[in-house]
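Survey of secondary and tertiary structure
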Amino acid sequence: MIKNDYGHLNTPFYQQKENTGVNLIFIPKKSEEKSGVLYIPQGFYLHDNEINKTKINFGCPFLLQEMILDEKTREEINKEGKIESETTFSYTIYKITTKGDLIKLFNILLERIRNLSLTDEIVESYKKKLILEYKEDPLSISKEKTIENMFFSSPMTNGTHCKGKDINKIHLTEMKKFLFRYYSLKSLTFIASYDAEPSSFLEDCKKIHFPIFPETKSVEKKFEENYSEVKEKRDIIICRDSLDNILTFGIKLDERKNLFEKFGELIFIFYEIVLDYLKEDEEFKKMLSDTNSSLLSMDLKEGYEDTFILMSFKCEKFSTLSNALSNHLSSIIKRKNRKYFKMIKENYMKKAEEILSDPDRLVYEFARVYADNLPYTYVVDKVRKFSYSDFLRILETILSYPRCVTYMKKEEE
């Protein structure tokens with residue numbers, strides 16, 4: 001295995017691509033716990049229009065994840081450990097942590113994947129179950145509408161949640177072909193952290209029964225997105241289930257390749273701390289207090305070539321908060337504060353130190369940044385060295401990009 005060690009963080013990691021195609025990443029850690037992640041390189045942001053001449057619908061990755069991690073499989077693994085799963089725009093992961101036999105628990109998961117029974121009856125039963133369980137809260141509706149208004153044709157317009165209408169479109173054939181394409185060992189990455197030597201880890205991996213499925217061919221999903229503007233700058237919606245007025249503000253970033261050409265890998269380092277820089281600012285907190293508003297959520301999401309920032313607030317008056325927020329963002333570059341930037345980086349490093357000593361959180365963070373082709377320890381080291389001038393240069397550019405806002409009004413009696 002190839003050894004990598006960045007930034008004197010006392011966290012070397014080892015990489016190897018097997019002849020079978022599976023990628024292995026191992027982070028040795030002195031700990032009673034053993035943690036691992038099975039990384040699937042496909043999430044909600046679909047890259048394929050067709051696989052083996054079958055159209056792939058939005059929501060297929062999510063439905064497949066739900067079917068794989070059924071109640072029986074979850075209970076069997078949780079008897080000796082804990083399993084969690086997540087589907088983002090970029091990837092799907094299955095994370096297991098245990099003090100027992102990690103390889104044994106992953107083989108339970110992989111056996112479920114290899115032998116997944118896909119029939120029309122079973123697929124339809126899962127679809128009905130998910131449709132019945134699906135609930136959309138007012139905040140989610142506001143955020144989804146803002147994402148929809150940001151993009152013209154990008155897969156981002158589908159949003160971050162698989163809705164009933166999306167689930168209904170999914171059928172058996174596409175489920176099988178999606179499984180064959182993305183869950184076969186040539187597509188998989190296994191990330192693990194526990195107390196062992198790399199040679200022992202490789203021996204353990206020989207006991208893992210990764211799935212092998214038939215080869216597939218795909219047709220890439222093609223679209224033309226306009227990054228110079230948003231589809232709708234302003235939208236107003238009424239929600240009878242909302243108890244509050246909600247304002248969601250979105251910034252649509254430039255195409256990923258353009259961002260990389262301008263800033264290189266520093267753009268991904270910027271993403272690590274920009275949200276904390278924005279929301280921990282005392283002037284930002286004062287603005288919220290002055291407008292009698294409160295922050296509900298702040299997110300930065302990436303999916304292939306697309307990236308956006310969302311801020312959602314509970315507020316009394318839309319125009320008051322909207323104007324105050326615009327003025328605040330316009331002034332944030334002028335109010336240079338190196339001391340504040342240093343504090344944000346120090347807080348990030350403190351959190352990183354805790355993560356680096358915890359196998360469970362460590363494998364998750366390695367998986368999270370894997371979509372950007374950067375090791376987590378490399379990212380941490382780069383944050384520590386990140387200059388204030390570079391940060392401001394990127395922030396000024398980001399804040400110049402197209403914006404949109406959604407006003408969700410509570411239904412008046």
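Residues numbered from 1 in each chain as written. Predicted model: local features only at pLDDT ≥ 70, side-chain atom pairs only at ≥ 80, totals over all residues. Heavy atoms only, no water.

**A word on the overall build of the protein chain**
From N to C terminus, the protein chain includes 16 helices and 15 strands. For a compact globule of 413 residues, the expected C-alpha radius of gyration is about 22 Å, and the protein chain comes in at 22 Å, within 12% of that figure. Principal axes of the C-alpha set define a box for the protein chain whose edges measure 60 × 55 × 40 Å. With 413 residues in all, the protein chain has 54% of them scored as buried. Charge-centre separation for the protein chain: the mean point of 66 positive side chains lies 2 Å from the mean point of 68 negative side chains. (Helix = DSSP H or I, 4+ residues; strand = E, 2+ residues; numbered from the N terminus. Rg over C-alpha atoms; globule rule 2.2 N^0.38 Å. Buried < 20%, exposed > 50% of the residue type's maximum accessible area, 1.4 Å probe, protein only. Lys, Arg positive; Asp, Glu negative; His and termini not counted. Charge placed at Lys NZ, Arg CZ, Asp CG, Glu CD.)

**Let's talk about the pairing of strand E4 (residues 34-40)**
Taking burial as the measure, the seven residues of E4 include six buried ones, the bulk of the element. Where E4 meets strand E8 (residues 92-98), seven bridges bridge the pair, whose relative direction is antiparallel. Looking at E8, one finds that Val37 is bridged to Lys95. Pairing between E4 and strand E9 (residues 189-193): five bridges, direction antiparallel. Bridge pairing links Tyr39 to Thr189 in E9. (Pairing = 2+ DSSP bridges.)

**A closer look at the pattern of salt bridges**
One side chain can pair with another of opposite charge once the charged atoms of both are near each other. Summed over all chains, the structure comprises 28 salt bridges. Between Lys285 and Glu280 there is a salt bridge, and its shortest N-O distance comes to 3.5 Å. Note that Arg393 is salt-bridged to Asp390, the shortest N-O span being 3.2 Å. Of the two residues, Arg393 and Asp390 are both situated in helix H16 (residues 388-398); the distance of three residues between them amounts to about one turn of the helix. The exposure class of Arg393 is partly exposed, given its relative accessible area of 38%. Of the residues examined, Asp390 reaches a relative accessible area of 22% and is grouped as partly exposed. (Salt bridge = Lys/Arg side-chain N within 4 Å of Asp/Glu carboxyl O.)

**Thoughts on the pairing of strand E11 (residues 234-239)**
Of the two faces of E11, the one holding Asp235, Ile237 and Cys239 is buried and the one holding Arg234, Ile236 and Ile238 is not buried anywhere. Relative to strand E15 (residues 403-410), E11 runs parallel, the two being bridged by six bridges. By the bridge assignment for E15, Cys239 is matched with Lys410.

**Some points on the nonpolar core**
If you look at the biggest cluster of nonpolar residues, it comprises 71 residues, and the most contacted ones within it are Phe270, Tyr277, Tyr376 and Phe391. Tallying contributions element by element places helix H10 (residues 266-279) first for this core, with 10 residues. Counting residues in each nonpolar core, the second largest holds 51 residues, with Ile51, Tyr126, Ile167 and Tyr194 among its members. (Core = buried A, V, L, I, M, F, W, Y, C linked by side-chain atoms within 4.5 Å.)

**Some thoughts on the sheet that holds strand E3 (residues 23-26)**
One open sheet holds the seven strands; their spatial order is E1-E2-E3-E9-E4-E8-E7, and the pairing between them is mixed. For this open sheet the edge positions go to strand E1 (2-4) and strand E7 (81-87), each flanked by a neighbour on one side alone. Between one strand and the next, the sheet's axes are offset by a mean angle of 15 degrees, whatever the strand orientation. Bridge analysis of strand E2 (residues 13-17) against E3 gives four bridges, and the strand direction is antiparallel. Bridge pairing links Tyr14 to Phe26 in E3. Packed on one face of the sheet, helix H3 (residues 102-114) meets E4, E7, E8 and E9 and runs near 25 degrees to E4. (Axes fitted to C-alpha atoms, helices over the stretch in contact; angles between N-to-C directions. Contact = heavy atoms within 4.5 Å.)

**Here's the deal with the sheet that holds strand E10 (residues 218-220)**
The strand order across the open sheet built from three strands is E6-E5-E10, with neighbouring strands paired in antiparallel fashion. Looking at strand neighbours, the two that pair on one side only are strand E6 (54-55) and E10, the edges of this open sheet. Inspection of the sheet shows strand E5 (residues 48-51) paired to E10 by three bridges, in the antiparallel sense. Its bridge partner lying in E10, Glu50 is registered against Val219. Contacts from helix H7 (residues 172-182) reach E5, E6 and E10 within the one sheet, and its direction differs from that of E5 by about 100 degrees.

**Thoughts on the packing of helix H1 (residues 60-68) against H7**
Packing of H1 against H7 leaves a shortest axis separation of 10 Å and a crossing angle of 80 degrees. By the criterion of interaxial angle, the relationship of H1 to H7 is roughly perpendicular. Here Cys60, Pro61, Leu63, Leu64 and Met67 of H1 come into contact with H7, specifically with Glu174, Met175, Phe178 and Leu179. Grouping the amino acids of the contact of H1 with H7 by side-chain chemistry returns eight nonpolar, no polar and one charged. (Parallel < 35°, antiparallel > 145°, perpendicular 65-115°, else oblique. Nonpolar A, V, L, I, M, F, W, Y, C, P; charged D, E, K, R; others polar.)

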